[in-house]
Amino acid sequence: MPARVISPGSRASLLALVALAGFALAPPASADAPTAPRETSGADPSDGRGSCEPAGAKPAASAAAGGGGGGEAGGSEDSAAPGVAGVSDLTFRPPQRRGILPRGHLVPVIETGLITAVMAGWNVSIGGAPWARVNLDTIGHNLRSTWVLDEDRFWINQVGHPFQGIFPYSAARSSGLGFWASTPYPFAASAIWEIVGETTLPSVNDQITTTLAGVVLGETFHRVSGMILDGPRSGWRLAAATIFAPIESMNRALVATEPPAPTPPSRVQVRAGALSFDPNVRTAGNEGVVPELGVRLSYGLPGDPRFRFERPFDHLDLESTYSTEKDPIATLFARGVLVGRTFEGERVRGLAGVGLQFDFSALRRHSVSTSAVGLSAEGRWEVSPRVALEGAATASAVVLGAAGYLGGRPEHDRSYRMGPGGQAHLDLRLVALDRIAARLIARQYLIAGLGSLPGYERVSNLSGSLELRVVGPHALGVEGLLAHHSGDAAAGAPARSETGTELRAYYAFTAGQR
């Protein structure tokens, strides 16, 4: 069934092409200016807080010293903001090296074009996709056509396109451009792909998801690669950083850019365990207990007195799980603060602001994925010397989301709804005696379907976990999940309402503040 037309796209496509060409002709952005070195007298190492940051940071003197949001220069990668009294400078840069190629827009424009050409050639010569056999007629037709919601499968739209947006963003970011100067690249690259990369009508959902998710994930991986390289250089560090950001590793050699600023106080947890689901929702090939891997990252802990917020994504959260089975259970939640302000009380510190989010959750009988922008607040309350409560809350407008699983649809039709909506998230974590951690997470989604599948999808997830630190960074934990999904009847698909459970046991290794 053809999708309903959403909006005319020929002018937007032409503007995107012109904009990308304009970037190539623009003068190179200003280079990263070295700033004053960090203060060497620092926080008391006996304060009980571990950190992924090198020692030498002083605690903030007062709430008034809390940083404002996002003062990043448009072209510089990590321009230093004015210092804050009592807080170490986290933006020190060594003197610049001279690269083979110049910093600025020229390199990412060339790389974005090459990536697009390679993907198109792969789809034709190796993939043999009929929709990839483009010519001047199909390009002209797409330029004159209106944009639609496509009928592609959930994983293609909600995983393939977000990761496609990472490459042009990373190319720009690692060529010396700042956050805001890099954000047009996934937008322009996606618009070009929709016009010249496929014979099908240009897709508005691909354009939105590739752009927003590409920025969120691209900046997240940019910071992660910097964390990995924040220490003595070795082959293992370079290899690991290349896995997360291959284009960045190449551009550091070609353009001679440096990794992001030294890592702020952070927490990283890697876990491995076993997952079991509700017998009522097991399917063939997904029965019994299956292995699962997971990672959690809190980059820039707002509750740490050494934390300061100066530019977009100085604080971000990333959480992902993946079960190694025939029909994977996978989650990916990433969010970063665009603009914000720190706050501080007698025993409370935190950050409030506006941020971007990308959520992806594929469970047994339903899935949900969103690209959203909204308000957030999070912090840490030192209840007593040995007890602390951390919390985070977000309320966001979903620019475009996808949710549901509708039976009774033809195989070639989309089996889930897509459209705008809203979402909310609450995360509470109680840490006691430096050994026990209890966590409660609630997520709520509402998606209003557009195109060929009108109606609403509602998804609610509630999870709770308990961890016991055995020795050092090693811990054992258990977690339970209660998930509910309901969807309206539409287009031959009946209404659905179902509830499922998951139970997992795992081993966890945690680095940084517990």
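Just so it is clear, the model here is predicted, and its values are computed rather than measured. (Residues numbered from 1 in each chain as written. Predicted model: local features only at pLDDT ≥ 70, side-chain atom pairs only at ≥ 80, totals over all residues. Heavy atoms only, no water.)

**Description of the nonpolar core**
In globular proteins that are soluble, nonpolar side chains generally tend to be buried together. Grouped together as the largest cluster of nonpolar side chains are 34 residues, with contacts concentrated most on Leu-297, Phe-358 and Phe-360. Going through the elements one at a time, α4 (154-173), α7 (204-229), β4 (289-299), β5 (316-323), β6 (330-344) and β7 (348-362) are the ones with two or more residues in this core. A per-element tally of this core places α7 first, with ten residues. Not counting chain neighbours up to four residues away, the residues in contact with Phe-360 comprise Phe-154, Trp-155, Gln-158, Val-159, Ala-330, Thr-331, Leu-332, Phe-333, Val-368 and Ser-369. With eight residues, the next largest nonpolar core counts Val-368, Ala-372, Tyr-445 and Ile-447 among its residues. (Core = buried A, V, L, I, M, F, W, Y, C linked by side-chain atoms within 4.5 Å. Buried < 20%, exposed > 50% of the residue type's maximum accessible area, 1.4 Å probe, protein only. Helix = DSSP H or I, 4+ residues; strand = E, 2+ residues; numbered from the N terminus. Contact = heavy atoms within 4.5 Å.)

**Points about the confidence of the model for the chain**
When pLDDT is averaged along the chain, the result is 79, and 76% of the positions lie at 70 or above. Taken as a whole, residues 1-95 scores under 50 in pLDDT and shows 225 contacts with residues more than four places along the chain or in a different chain. (pLDDT = per-residue confidence, 0-100.)

**Overview of the environment of Arg-504**
Locating Arg-504 in the fold gives a position in strand β14 (residues 496-512). Through-space distance from the C-alpha of Arg-504 to that of Pro-291 is 9.4 Å; in sequence the pair is 213 residues apart. Here Glu-292 takes part through its side chain, which lies 2.7 Å from a polar atom of the side chain of Arg-504. Polar contacts involving the side chain of Arg-504 include one to the side chain of Glu-502, which spans 3.1 Å. (Polar contact = N/O pair within 3.5 Å; in protein donor to acceptor, adjacent residues only side chain to side chain.)

**Concerning the pairing of strand β12 (residues 455-471)**
Sheet analysis places strand β11 (residues 436-449) next to β12, joined by 14 bridges and oriented antiparallel. Each bridged residue has a counterpart across the sheet, and for Arg-443 the counterpart in β12 is Asn-461. The turn linking β11 back onto β12 is made up of five residues, and Gly-451 within it adopts a positive phi angle of 70°. As paired elements, β12 and strand β13 (residues 474-487) share 14 bridges and run antiparallel to each other. Across the sheet, residue Gly-464 finds its bridge partner in β13, namely Gly-480. Where β12 folds back onto β13 in an antiparallel hairpin, the turn is made up of two residues, including Gly-472, whose phi is positive at roughly 55°. (Pairing = 2+ DSSP bridges.)

**As for the environment of Ala-245**
Assignment of secondary structure puts Ala-245 in the loop between α8 (235-244) and α9 (246-254). Note: C-alpha distance between Ala-245 and Ser-170 (75 residues apart in sequence) is 7.3 Å. Discounting chain neighbours no more than four positions away, the residues touching Ala-245 are Phe-221 and Ser-225.

**A few points about the pattern of salt bridges**
On inspection of all chains with the given rule, the structure shows 28 salt bridges. A salt bridge links Arg-223 to Glu-219; the shortest N-O distance between them is 2.9 Å. With Arg-223 and Glu-219 both in helix α7, this residue pair falls four residues apart, about one helical turn. For the pair Arg-223 and Glu-219, one class covers both residues: buried. The shortest N-O distance in the salt bridge between Asp-317 and Arg-335 comes to 3.2 Å. Residue Asp-317 is found in strand β5, and its partner Arg-335 is found in strand β6; the two are separated by 18 residues along the sequence. Here Asp-317 matches Arg-335 in class, with each residue buried. Each of Arg-271, Glu-292, Arg-296, Glu-319, Asp-427, Arg-439, Glu-467, Glu-479, Glu-502 and Arg-504 takes part in one network of salt bridges that share partners. (Salt bridge = Lys/Arg side-chain N within 4 Å of Asp/Glu carboxyl O.)

**Considering the sheet that holds β5**
Around the barrel, which closes on itself, the twelve strands sit in the order β3-β4-β5-β6-β7-β8-β9-β10-β11-β12-β13-β14 with antiparallel pairing between neighbours. Geometrically, the sheet is characterised by an average inter-axis angle of 20° between neighbouring strands, direction not taken into account. Packing of α4 onto the sheet brings it into contact with β6, β7, β8 (367-384), β9 (387-403) and β10 (417-432), and relative to β7 it is tilted by some 130°. Across the sheet, α7 touches β3 (266-277), β4, β5, β6, β7, β8, β9 and β10, and the angle it forms with β7 is around 125°. (Axes fitted to C-alpha atoms, helices over the stretch in contact; angles between N-to-C directions.)

**Points about empty space enclosed by the protein**
In total, this model carries eight cavities of 30 Å³ or more according to the counting rule given. What lines the largest cavity is a set of 45 residues, and nearest its centre among them are Arg-267, Ser-298, Glu-390, Arg-429 and Arg-439. Broken down by element, the lining of the largest cavity gets its largest block of residues, five residues, from β11. Across the lining of the largest cavity, the residue classes break down as 14 nonpolar, twelve polar and 19 charged. If you add up the space inside the second largest cavity, you get close to 260 Å³. In terms of lining, the second largest cavity is formed by 19 residues, of which the most central are Thr-331, Phe-333, Ser-463, Glu-479 and Leu-481. (1 Å grid on protein atoms, 1.4 Å probe; cavity = no way out; pocket = protein on both sides within 12 Å on 5 of 7 lines; lining within 4 Å. Points joined across faces, edges and corners; volume = space filled by probe spheres on them. Nonpolar A, V, L, I, M, F, W, Y, C, P; charged D, E, K, R; others polar.)

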